[in-house]
Amino acid sequence: MSLAKDAAIFLAGHRGLVGSAILRLLEARGYQNIITRSRDQLDLANQASVRDFFELERPAYVILAAARVGGIEANRTRPAEFISENLAIQGNVIDQAYRSGVKKLLFLGSSCIYPRLAAQPIREEALLSGPLEPTNEAYALAKIAGLKMCAAYRQQYGFDAISLMPTNLYGPGDNFDLESSHVIPALMRKAHEAKKSGAASLTVWGSGRPRREFLHVDDLASACLFAMDHYDEGSPMNVGTGQDLSIKQLAEAICHVVGFNGNLTWDDSMPDGTPRKLLDISRMSGLGWQASISLEEGLKSTYQWYLDNQT
Ligand code: GDP
């Protein structure tokens, strides 16, 4: 099945990193009936507002890219907001989408749903096979509830809800706030500011040893539209590049792109998080999808976006 160009698609979270990438792609592919709402127009955590919205708009498809997200420090220090806001948003949207007769819904999770010490690369079957990483347990539990809610609605009601589990994301539109951001925008900004001020070094959190896999949001957007057309099972499906690198290697690559030639210093009072997060992407590649933006290319274009958009 392929999404018709005039299908009414509700894209929740269209201003975020993921949602804005999906919006760009939907527009570039000529979709004409994309429904969006800003947070001021529709509070997705409010059940009555979400019900009224679905009753009025009656979208045929839903892409749920709205979520409270953040980097390791935001997750560690604000777990209550991460669990409560995500449970509310996804609970309201998934339930009301089903009740109003939506044909298909896509839910986006995260690779942090898998156990902290899952065998690498992480297969979808590793879900709920061991304890979670404590620094983002609240967020991970909310995302696990979301994907299980999709599976339960499929099982009991026959609702075509699918879940994708992307690896760490980055790209244009990312959050560059040093307290709450993920590692790529944080290090890009630190390297940029160090270069500008002529600093001798920049500080990287943790030991530099953890390994992470990074996917450009434009690749994720393409994976989302691919999955809307080609995937209709209850179990979640991983989305990544199949390649990881250490935080030290990443920091060096970012300094290179930014043109900062000083030293790296390590702040070991900050947490490392999960030692390694590399997804097994064989399910998605078996269906015929793969990422196309290399990390080097993606870092360069993201830095250019930062230069063009920093305030
Ligand atoms: P995670 O994948 O959930 O751990 O999310 P992050 O992107 O926030 O962090 C990834 C890794 O990068 C962790 O090991 C962090 O300690 C490390 N890291 C190094 N420097 C920074 C930084 O300035 N900001 C963030 N967010 N992480 C950093």
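Residues numbered from 1 in each chain as written. Predicted model: local features only at pLDDT ≥ 70, side-chain atom pairs only at ≥ 80, totals over all residues. Heavy atoms only, no water.

Named according to an unreviewed UniProt entry, the chain is GDP-L-fucose synthase originating from Aestuariispira insulae. Quoted verbatim from the Sequence similarities (unreviewed entry) heading of the UniProt record, the comment on the chain is "Belongs to the NAD(P)-dependent epimerase/dehydratase family. Fucose synthase subfamily." Heading Function (unreviewed entry) of the UniProt record for the chain holds this comment: "Catalyzes the two-step NADP-dependent conversion of GDP-4-dehydro-6-deoxy-D-mannose to GDP-fucose, involving an epimerase and a reductase reaction." (UniProt positions renumbered as here; feature names shortened; annotations may be inferred.)

**Concerning the sheet that holds strand S10 (residues 237–239)**
Taking strand neighbours across the sheet as the criterion, the six strands line up as S2-S1-S3-S4-S5-S10 in an open arrangement whose pairing is parallel. The strands lining the two open edges of the sheet, one partner per strand, are strand S2 (34–35) and S10. With four bridges joining them, strand S4 (residues 104–108) and strand S5 (residues 161–166) adopt parallel strand pairing. Across the sheet, the residue bridging to Leu-108 is Leu-164, located in S5. In the packing of helix H1 (residues 17–28) onto the sheet, the strands contacted are strand S1 (9–12), S2, strand S3 (61–64) and S4, and the crossing angle to S1 comes to about 150 degrees. (Pairing = 2+ DSSP bridges. Helix = DSSP H or I, 4+ residues; strand = E, 2+ residues; numbered from the N terminus. Contact = heavy atoms within 4.5 Å. Axes fitted to C-alpha atoms, helices over the stretch in contact; angles between N-to-C directions.)

**Focus on empty space enclosed by the protein**
The tally for this structure, following the rule as stated, stands at two cavities of 30 Å³ or more. Considered as a void within the structure, the largest cavity measures approximately 40 Å³ in volume. In terms of lining, the largest cavity is formed by Ser-111, Cys-112, Tyr-114, Pro-115, Ile-122, Glu-133, Thr-274 and Lys-277. Reported here for the second largest cavity is a volume of approximately 30 Å³. Forming the boundary of the second largest cavity are Val-239, Gly-240, Ile-281, Met-284, Ser-285, Trp-289, Gln-290 and Ala-291. Considered class by class, the residues forming the lining of the second largest cavity number five nonpolar, three polar and no charged. (1 Å grid on protein atoms, 1.4 Å probe; cavity = no way out; pocket = protein on both sides within 12 Å on 5 of 7 lines; lining within 4 Å. Points joined across faces, edges and corners; volume = space filled by probe spheres on them. Nonpolar A, V, L, I, M, F, W, Y, C, P; charged D, E, K, R; others polar.)

**Quick look at the sheet that holds strand S8 (residues 211–212)**
Spatially, three strands are ordered S11-S8-S13 in an open sheet, and the strand pairing comes out mixed. The sheet is open, and its two edges are formed by strand S11 (245–246) and strand S13 (276–277), each paired on a single side. Across two bridges, the pairing between S8 and S11 is antiparallel. By the bridge assignment, Arg-211 is partnered in S11 with Ser-246.

**Some words on the packing of H1 against helix H7 (residues 217–230)**
Two numbers describe how H1 lies on H7: the axes approach to 8 Å, and their chain directions differ by 65 degrees. Classified by chirality, the crossing of H7 by H1 is right-handed. Contacts between H1 and H7 pair Leu-17, Val-18, Ala-21, Ile-22, Arg-24, Leu-25 and Leu-26 from the former with Val-217, Asp-218, Leu-220, Ala-221, Ser-222, Cys-224 and Leu-225 from the latter. Taken together, the residues that form the contact of H1 with H7 break down as eleven nonpolar, one polar and two charged. (Left-handed = near helix turned anticlockwise from the far one by under 90°.)

**Structural notes on the nonpolar core**
Formed by 40 residues in total, the largest nonpolar core has its most connected members in Phe-10, Leu-44, Phe-54 and Leu-105. Top element by residues in this core is helix H5 (residues 137–157). It accounts for six residues. Among the nonpolar cores identified, the runner-up in size contains 36 residues, and Leu-17, Val-18, Ala-21 and Tyr-231 belong to it. (Core = buried A, V, L, I, M, F, W, Y, C linked by side-chain atoms within 4.5 Å. Buried < 20%, exposed > 50% of the residue type's maximum accessible area, 1.4 Å probe, protein only.)

**Notes on the pattern of salt bridges**
Where side chains of opposite charge bring their charged atoms close, a pairing between them can arise. Using the criterion set out here, one finds 18 salt bridges in the structure. As a salt-bridge pair, Asp-95 and Arg-99 come within 2.7 Å of each other at their nearest N and O atoms. Within this pair, Asp-95 and its partner Arg-99 are both found in helix H4 (residues 79–99), separated by four residues, close to a single helical turn. The exposure class of Asp-95 is buried, given its relative accessible area of 10%. A relative accessible area of 59% places Arg-99 in the exposed class. We note a salt bridge from Asp-160 to Arg-154, for which the minimum N-O separation is 2.6 Å. (Salt bridge = Lys/Arg side-chain N within 4 Å of Asp/Glu carboxyl O.)

**Section: H5**
Over its 21 residues, H5 runs 29 Å from end to end, which matches the ideal 30 Å to within 8%, given 1.5 Å per residue. Residues Ala-138, Tyr-139, Ala-140, Ala-142, Lys-143, Ile-144, Gly-146, Leu-147, Cys-150, Tyr-153 and Arg-154 constitute the buried set of H5. Here the buried face of H5 lies against helix H3 (72–77), H4, S4 and S5. One or two steps after H5, the chain reaches Gly-158, where phi turns positive at roughly 70 degrees. (Expected span 1.5 Å × (residues − 1).)

**With respect to the environment of Asp-232**
Along the chain, Asp-232 turns up in the loop between H7 and S10. Between the alpha carbons of Asp-232 and Phe-159 there is a distance of 9.9 Å; along the sequence they are 73 residues apart. Contacts of Asp-232, omitting those with residues within four sequence positions, involve Lys-104, Arg-154, Asp-160 and Ile-162.

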